[in-house]
Amino acid sequence: MFFKRDSQKDELKNEIEELKKEIASCKKEIKSSKKQISRLKSMRKNDEKIFETHHDYFTTLFLDYELKPKGILKDMQELSQEILDFEVNVCNKHDLTYWISAGTLLGAHRHKGFIPWDDDMDMGLIRKDYIKLCEVTPDEIKNNNAEDFFTFRVHPMVRENFVFPFTRLECVTENKDFLAGIDITPYEYSKTNEFELKEFRDFRDEFFIRLSGGENIETIVDDMYERFNLDYDSGDYIIKNPTYIRHARHYNKEVACWDIDRFLPVGKIEFNGKKYNCPRDPGYFLVADYDDFMQIPKILIDQHYSVNKLRRIENIDEIYKDVIEKVKECNENFE
C-alpha cells in the first residue's frame, strides 16, 4: 500500500517536472516569438519608410519632370486624343455641351496632359445632350467616311455580369483588339443633393437585371429619374449616372454630387497643348472622385492592361501609324 503511494508520488513528481520543462520551453518560444515579432515590426516600419521614399520620388518625377510616353502607350494616347477631337467636332457642330472628365480631367489639371500610365480618355455630357450625341455620332461617322476605323458602342454595353454605364467611341484592329478610345458618360440634373449610396448600388444591380431581361433602356432610365428625383432639363445639382458605381473608391464614400453653379457653364482647360471644355471649377469636380487628387496614388484602382495585350500583335506600330493618320485626316476635313 505504502509502496503504491510512493510510486504514485514519484509519477506525479515526474509529471510535474515534465510540465515545468514544457513551460520553460514554451517561455523560451514565446520570448523568441516576441523577438521575431519585434524584428518584423521593425522591418515593416523600414519597408514603409522605403515605400514612402519611393512614392515621394515618383511623385516628384510625375509632377516636376516632363515625362514622355513611347511605343504602344504613346500611340494609344495620341490616337485617343484624335478620337476625342472627332467627338468634340460632333459636339460643336450640334451645339452639345461636353466636358472632359474622370482621369482625363485629372491629367489635364495635374499634368497638363495624360496621367503618365493612362491609355484612354473620358468625356461627359448632361443626359439630354448625351442622348443627342448618341443619335448623331453614327451619322457623323458615315458622313465623314470614318466607318472603316471607328466603332461606336452605345450604352448600355452588357458583358457577363456587368453593365458598362457609358458609350464608347473607339478604334480596333481587324481582330477587334482595342487600339484606343474615349468613354462618354451621361450626367444628370438633380433637384437634391441627398442620396444614399446603397440606393444607387441597389439600382445598379436592378439596372443590370432589367436590361438582361430585355427591358427597354429608356423605360429604366425614366424610372431612375423618378426614383432619384432627377430632371432632364434643369436642377440645382449635377450627379454622375447612378449606374456608374463600380470601383472601390465609390463604395467607400458618399455619392458624388456637384452644385450646378460650380459646374456650369463650362470653362476651358489645357490638355497636351489644346483647349477643351471642363467643369467650371475643375478642382471641386475632381475632389469628389479622387480626394487628394494632386498626389500620385499609392495604389492604382484603375489599371489598364491593353498595352500589354497589344505587344503580341505583329506590326502593331504600322497599324497605329495607319489608323492615326486616317483619324487625323478625318478631323482636318471634318464636315
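Shown above is the structure to which this text applies.
Residues numbered from 1 in each chain as written. Predicted model: local features only at pLDDT ≥ 70, side-chain atom pairs only at ≥ 80, totals over all residues. Heavy atoms only, no water.

Peer 1: Whenever I open this one, the pattern of salt bridges confuses me. Can you help?
Peer 2: Working definition: two side chains of opposite charge can pair if their charged atoms are close together. What the rule picks out here adds up to 16 salt bridges. Here Asp 85 and Lys 274 are joined by a salt bridge, their closest N and O atoms 2.5 Å apart. A residue pair is termed long-range when its members are at least 10 positions apart, and Asp 85 in helix H2 (residues 71-93) and Lys 274 in strand E12 (residues 274-278) qualify at 189 residues. A salt bridge links Lys 128 to Asp 233; the nearest nitrogen and oxygen atoms lie 2.7 Å apart. Pair noted here: Lys 128 is in helix H4 (residues 127-143) and Asp 233 is in the loop between strand E8 (230-231) and strand E9 (237-240), with a separation of 105 residues, a long-range link. Because the salt bridges share partners, they merge into one network encompassing Glu 206, Arg 210, Glu 215, Asp 223 and Arg 227. (Salt bridge = Lys/Arg side-chain N within 4 Å of Asp/Glu carboxyl O. Helix = DSSP H or I, 4+ residues; strand = E, 2+ residues; numbered from the N terminus.)

Peer 1: Teacher, can you tell me more about the pairing of strand E7 (residues 178-190) here?
Peer 2: Along a regular strand, successive side chains alternate from one face of the sheet to the other. In terms of burial, E7 is largely enclosed, as 13 of its 13 residues are buried. Pairing geometry for strand E2 (residues 121-126) and E7, over 6 bridges, is parallel. Paired with Gly 124 across the strands is Thr 185, a residue of E7. Relative to E7, strand E6 (residues 167-172) is paired through 6 bridges, and the arrangement is antiparallel. Across the sheet, the residue bridging to Arg 168 is Asp 183, located in E7. Between E6 and the antiparallel strand that follows it, E7, lie 5 residues; Lys 176 among them carries a positive phi value of about 70 degrees. Looking at chain direction, E7 and E9 are connected through 4 bridges and run antiparallel. (Buried < 20%, exposed > 50% of the residue type's maximum accessible area, 1.4 Å probe, protein only. Pairing = 2+ DSSP bridges.)

Peer 1: It is not clear to me how the packing of H2 against H4 should be interpreted in this structure. Could you clarify?
Peer 2: Helix-helix packing is characterised by the crossing angle of the two axes and by the distance between the axes. Axis separation between H2 and H4 bottoms out at 10 Å; the angle between their running directions is 115 degrees. Between H2 and H4, the angle falls in the class roughly perpendicular. Classified by chirality, the crossing of H4 by H2 is right-handed. Contacts from Phe 86, Glu 87, Val 90, Cys 91 and Lys 93 in H2 reach Leu 133, Val 136, Thr 137, Glu 140 and Ile 141 in H4. Tallied by class, the residues present in the contact of H2 with H4 amount to 6 nonpolar, 1 polar and 3 charged. (Axes fitted to C-alpha atoms, helices over the stretch in contact; angles between N-to-C directions. Parallel < 35°, antiparallel > 145°, perpendicular 65-115°, else oblique. Left-handed = near helix turned anticlockwise from the far one by under 90°. Contact = heavy atoms within 4.5 Å. Nonpolar A, V, L, I, M, F, W, Y, C, P; charged D, E, K, R; others polar.)

Just distances and angles here, no functional claims.
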